[in-house]
Amino acid sequence: MEVTTDPVCGMGLNPEDVGEQSEYGGRTYHFCGAQCRNKFDEDPAQYAGAGGDSDVRRADVSA
Ligand SMILES: [Zn+2]
């Protein structure tokens, strides 16, 4: 089963079960709830790369 991480609070998530998501830097980020998604949308650069694997940081530059 694929698992992703909420980049705001660090919670592990199953993407198929998560309704809250946002796109940034060509990647889709998933969130445990609207409050985390809103935080991410306010300052995506602060959170992008914090929740995924190490390759995420390099991909962020294109944004
Ligand atoms: Zn969260």
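All of the points below concern the structure found in this document. (Residues numbered from 1 in each chain as written. Predicted model: local features only at pLDDT ≥ 70, side-chain atom pairs only at ≥ 80, totals over all residues.)

**Thoughts on the environment of G33**
Convention followed: By definition, any uninterrupted DSSP run of H or I lasting at least four residues is a helix, any uninterrupted run of E lasting at least two residues is a strand, and each is numbered from the N terminus. Residues with at least 20 other C-beta atoms within 10 Å of their own are called buried, those with 12 or fewer are called exposed, and the rest are partly exposed. The C-beta atoms themselves are positioned from the backbone.
Relative to the assigned elements, G33 resides in the loop between β4 (27–31) and α1 (34–42). The exposure class assigned to G33 is partly exposed, which follows from the 14 C-beta atoms found within 10 Å. Spatially, the C-alpha atoms of G33 and G19 are 7.9 Å apart, while their sequence positions differ by 14 residues.

**Structural notes on the nonpolar core**
The following threshold applies: Any nonpolar core is a set of buried residues, restricted to Ala, Val, Leu, Ile, Met, Phe, Trp, Tyr and Cys, that join up through C-beta atoms within 7 Å. The contact criterion used is a C-beta to C-beta distance within 7 Å, with each C-beta placed from the backbone.
Ranked by size, the top nonpolar core spans seven residues in total: V8, Y29, F31, C36, F40, Y47 and A48. Among the elements of the structure, β4 and α1 are those that each provide at least two residues to this core. Sequence-distant contacts of F31, defined by excluding residues within four places in its chain, comprise D6, V8, V18, E20, Q21, C36, R37 and F40.

**Things to note about α1**
Heads up, the condition is: Along the arc lie the directions from the helix axis toward the C-beta atoms.
The complete set of buried residues in α1 reads C36, R37 and F40. All buried residues of α1 project into a common sector of 100° when viewed along the axis, lining one side. Exposed and oriented more than 90 degrees from the buried face of α1 are A34, Q35 and E42. The elements touched by buried residues of α1 are β3 (20–24), β4 and α2 (44–47).

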